[in-house]
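# Inside the fold
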Amino acid sequence: MASEETKPKKQRDEECIINGLPGELIERIFLKLPVSTLLRCTGVCEQWHKLIRDPQFVTSHLQDAPQCAVLFFPQESVSGEPHPADAILIDEAWSPSTYAVPVIGPDDFLCGSCNGLLVLYTKSSTLKVANFATGECLHLEKPVKNLRGDHFLFYNFGFHPLSKEYKITHFLGDPVVGSTRSHNNSRFSVIQVYTLGGEKWRDIKTPEALSLNCVKNSGAVNIDGTMCWLIEDMVANWQHAVMTFDLSGESFARIQLPATVHEDCAGGGPRRYWIREIDRKICIATAQACPSLPRRLVGMLQIWELENKTEQRWSLKYNIQYSPDYIPGPNLVHRNKIILQRRDGNLYSYELLGENFNTKLCKMANLLDFFPHKPDNMQSYICVKSLVRLDVYKKTAIARRPKQREGWELKKWEAWEHQLSDYEKLWTRLHEEEHEGIALAEHSSISFNGLLPRILDDAIRQDIGMKINKICPSLPDQQPRPLRRLNCVAQKQDRENLSARLENYSSIMKVHRGRLQRVS
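A few points on the structure. Every chain's residues receive numbers from 1 upward, in the order its sequence appears when written. With pLDDT at 70 or above as the cut-off, local features in this predicted model cover only qualifying residues; side-chain atom pairs require 80 or more to be listed or tallied, and sums for whole chains, interfaces and linings still use all residues. To obtain the side-chain values, all non-hydrogen atoms of the structure were used and water was disregarded.

Our focus in this paragraph is the nonpolar core. To form a nonpolar core, buried Ala, Val, Leu, Ile, Met, Phe, Trp, Tyr and Cys residues must be joined to one another through side-chain atoms within 4.5 Å. Residue burial is assigned from relative accessible area. The probe radius is 1.4 Å, only protein chains are included, and a residue is buried under 20% of its type maximum, exposed over 50%, and partly exposed in between. Judged by nonpolar contacts, the single largest core of 39 residues is most densely connected at Val129, Leu138, Leu140, Tyr166, Ile168 and Leu196. For every domain, the bounds stem from an assignment made automatically or drawn from a database. Structurally, this core is a two-domain feature, drawing no fewer than three residues from each of domain 1 (19–61) and domain 2 (65–174 + 188–407). Contact between two residues is taken to exist if any of their heavy atoms lie within 4.5 Å; hydrogens are not considered. Ignoring sequence-local partners within four residues, the contact set of leucine 196 consists of Val129, Leu138, Leu140, Tyr166, Ile168 and Tyr393. Core analysis: the next-biggest nonpolar cluster, separate from the first, contains 18 residues, Cys283, Leu301, Ile327 and Ile338 among them.

Listed below in structure tokens is the structure:
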């Protein structure tokens, strides 16, 4: 923070005027500002820093923060080539972001999102809690080190509005008899819970042994301090039920699913179920799977909403006539549009219109092309950018420092980094050649113009002068290169732009050389 002596007089005068306003008015102004602007404001003066870092202000700013959709693609290998984890933000205007999220490493997996905080599963012995707007990170020791069969989908993250506590949960597979490190990948009887700021993980026994496969296949959501996921219930019509876990009281409850009998199409495969969150409500999405490709969907997609938790009353929210190939989660609806994936490698948004719950997918918009990432691996979360701080939790006993070499510093990503460096060198070389081409054309034009007075015939001199004016090539403006890492979609577009610009430059210079020859 700059001292008063080092600030320019104009800046000191402006701060004096603003700080002369009533404190309540300054706070109301700040509440309307985005996080990025507020972070810069913290360095202006002590008064602003104190206001913006105040926990009450942070909470008030969070309540009115605009929502965005976060689309997360985990690290995966395509044709033997590794592709790093990446995330794309979709803003209120449905525009995808350009830059990568710095707190997400190339090998990270996203476990949950709440109040602007992300929980990321790493392949090391730690979990990473990160504020993706401020860049602050907290590394926590996992509940069990070197756990075989562990999976990022077994972790979740939520916040209880009454207790004001953030909690990470972990579904711990039942131990395998005769093994000290291996755990069952199909059943669990314990949920491990960690409260941010606490000293250790705690084990909470479930009412019965539950299915880990249901968690992996159907997902889990956190809504208003309650974690919800699907469990097996073979006597019910849908053969599933909802299990809830209250993050404050740490108690369990079961919610029965609708008794409606589905009318499955003859050519479809087995029916699949997912638990999702729409408008802060528990929702169940269901569709038939393709017989030959069980992860792809066919037929109609139904989405049921829990209207009354106490009465366990459900209603059919959407009955979408043409099912998508894949559905993301845990949030698939953003600002009254549904996000769906197609087998062509594109992500689409659709307006949901219809009567009597029979919904048509209208006004399709192509959001982005996520190739080469696989469509059934994408996750979508509704997030906000917040000022929630993590430094208050860093003195806990299970907080850990990150390893000296991790993320992009690992040897496995050296080739990827070299490839990005090579593209930047190509851009630099292209810009240099464009500059040289323009300079050469201008020099030639000046030289030819100097010879014009020697031509006595006015008509010939005028004709040659017009040709000289056409010598200078018309090249596109050179935009400054981004200093931050681009996300996967923007990188692909940047490479296409480079290829097109190289081709365009070659064509322009070819025409330019032809004009020079004609003038000569």
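Having seen it, we continue.
Below, the discussion takes up the pairing of strand β17 (residues 271–278). Put simply, side chains in a regular strand alternate between the two faces of the sheet. Taken across its eight residues, β17 has seven buried, putting it largely inside the fold. In this structure, β17 lies alongside strand β18 (residues 281–289), joined through eight bridges in antiparallel fashion. Looking at the pairing, glutamate 277 lines up with isoleucine 282 of β18. Criterion used throughout: strands pair if DSSP finds at least two bridges between them. Helical segments are the DSSP runs of H or I of at least four residues, strand segments are the runs of E of at least two, and each set is numbered from the N terminus. Once β17 ends, the chain turns through two residues before running back antiparallel as β18, passing aspartate 279 with a positive phi of about 55 degrees.

Axis geometry follows a simple rule: fit a line to the C-alpha atoms, using only the stretch in contact for helices, then measure angles between N-to-C directions, giving values from 0 to 180 degrees. Here helix α2 (residues 23–31) crosses helix α5 (residues 55–63) at 45 degrees, and the two axes come no closer than 10 Å. Taken as axis vectors, α2 and α5 run oblique relative to one another. Crossing handedness for the pair α2 and α5: right-handed. Contacts from Glu27, Phe30 and Leu31 of α2 reach α5 at Phe57, Ser60 and His61. Gly is placed with the polar residues, together with every amino acid not listed as nonpolar (Ala, Val, Leu, Ile, Met, Phe, Trp, Tyr, Cys and Pro) or charged (Asp, Glu, Lys and Arg). Of the residues in the contact of α2 with α5, the class split is three nonpolar, two polar and one charged. Here is the rule for angles: anything less than 35 degrees is roughly parallel, anything more than 145 is roughly antiparallel, 65 through 115 is roughly perpendicular, and the remaining ranges are oblique. By convention the crossing between two helices is left-handed if the near helix lies anticlockwise of the far one by an angle smaller than a right angle, and right-handed if it lies clockwise.

What the five strands build is an open sheet, ordered β5-β6-β7-β8-β26; its pairing is antiparallel. Both edges of this open sheet fall to β5 (109–114) and β26 (399–400), since each of them pairs with a single strand only. As paired elements, strand β6 (residues 117–121) and strand β7 (residues 126–131) share five bridges and run antiparallel to each other. Each bridged residue has a counterpart across the sheet, and for leucine 117 the counterpart in β7 is asparagine 131.

Spatial relationships are all this shows, so hold off on functional conclusions.
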